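The lines below spell out each chain.
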Amino acid sequence: MQRDLLECAYGIETAKSAEAAWVRLVDTLSRLKLDKVIYATRDDGDPPHWYVRSTLPNAWPSELAKTPDFSEPFVTYCCATFEPTKVGSEYLDLNSHYIDDHARDYIKAVSKFDWRAGIGIPTALKGSGRHGGFILGNAMMRYDFERSVMPLVDDLRTLCLVANARFETWRKGKTHHDIARPLSPREMQTLEMLSRGLRPKQIAEELGLKEPSVRLYLKNAKSKLGATNNHDAVRLFINRQRT
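Residues numbered from 1 in each chain as written. Predicted model: local features only at pLDDT ≥ 70, side-chain atom pairs only at ≥ 80, totals over all residues. Heavy atoms only, no water.

Draft legend 1. Highlighting the packing of helix H1 (residues 3-14) against helix H6 (residues 153-171). Where H1 meets H6, the axes come as close as 9 Å, and the angle between the chain directions of the two elements is 10 degrees. Relative to H6, the element H1 lies roughly parallel. Contact with H1, carried on its side by Leu 5, Cys 8, Ala 9, Ile 12 and Glu 13, involves Asp 155, Leu 156, Leu 159, Val 162, Ala 163, Arg 166 and Trp 170 of H6 and no other residues of that element. Along the lines of polarity and charge, the residues of the contact of H1 with H6 split into 9 nonpolar, no polar and 3 charged. (Axes fitted to C-alpha atoms, helices over the stretch in contact; angles between N-to-C directions. Helix = DSSP H or I, 4+ residues; strand = E, 2+ residues; numbered from the N terminus. Parallel < 35°, antiparallel > 145°, perpendicular 65-115°, else oblique. Contact = heavy atoms within 4.5 Å. Nonpolar A, V, L, I, M, F, W, Y, C, P; charged D, E, K, R; others polar.)

Draft legend 2. Summary view of H1. Here H1 contains 12 residues, and its C-alpha end-to-end distance of 17 Å stays within 8% of the 16 Å for a straight helix at 1.5 Å per residue. Every buried residue of H1 is accounted for by Leu 5, Cys 8, Ala 9, Gly 11, Ile 12 and Glu 13. Buried positions along H1 lie against helix H2 (18-31), H6 and helix H7 (185-195). (Expected span 1.5 Å × (residues − 1). Buried < 20%, exposed > 50% of the residue type's maximum accessible area, 1.4 Å probe, protein only.)

Draft legend 3. Seen up close, the environment of Leu 125. Counting through the fold element by element, Leu 125 comes out in the loop between strand S4 (117-124) and strand S5 (130-138). Setting aside residues no more than four positions away along its own chain, Leu 125 makes contact with Cys 79, Ala 80, Thr 81, Phe 82, Arg 130 and His 131.

Draft legend 4. Highlighting the pairing of strand S2 (residues 50-54). Judged by how many residues are buried, S2 sits mostly within the fold: 5 of 5 residues are covered. Residue alternation in S2 divides its side chains into two sets, Trp 50, Val 52 and Ser 54 and Tyr 51 and Arg 53, and both sets are buried. As paired strands, strand S1 (residues 36-43) and S2 are joined by 5 bridges and run antiparallel to one another. Note that in S2 the partner of Ala 40 across the bridge is Val 52. With antiparallel pairing between neighbouring strands as the criterion, S1 and S2 make up a hairpin whose turn holds 6 residues. (Pairing = 2+ DSSP bridges.)

Right under this line is the structure:
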C-alpha cells in the first residue's frame, strides 16, 4: 500500500472524531489529485435514511439526501459487489445500464462542480441492511484519470474500507474502544483480495510482497477475527463490514 495512504489509514483508525478522520482523509486524497469526495450510505428503510459527507460546496448533496425521493445513482445501482465503478460524465458510455433520466440529471449537477471523472468504491453491500461507499473524482479527462488515478484503485479501496468502518462506528454512537481488535489496512487488503479468489502467492505478486509476509498478515487477521481458516476469516471479515 502506498505510504501516504497507509499513514492516512492509521490516522483514521486513531482519530478521536469523525470530523478529524474526514479532514485527514480529504487532505490525503487531495494530494493525489482527488479533490472531489462524496461518502454516502443508506439503510433499507422506507424512506431510507442517508448518511452523507462531501467536499463539494455546501456539502452537496447532503441537503438533497434529506428528501424522501433522493437517490444517489452509484449507491443505488453499483453496490452489489465490492468492484469499483468508473463514474462521471467521462464514463457515461460505460454506465448505460443504469443511466436513467434521474441519474443523468444527477451527473449534470455533479458536472457543475467541475467534476468529470471519478471512481465509486463500495464499502458496504446491498443486503447488509446498510450499503454505500465513496465516490472519488476530479476534473480530469478520461485518459488522464486512467493514467494517474486508476493504478491506485486497490490501495484506495483498502483506505475506503478502513474509513467506512470508522464512520459507521461514529454514526452508531460507539467509541473507538468498542471495536474489537481492529484489522490493520494491510490485513484488510489481503482479506479483501482473498475474498476475490486470489491465493496468497497471487496476492503477494500483486502487492509486491513476499508470500510469507502475506501469510503473516492472514494469520494475524485470523487471530483478530477468531477464525480457524482462511474461508472463515473472509466470512467474518465481510460480516464485520456489514455491522
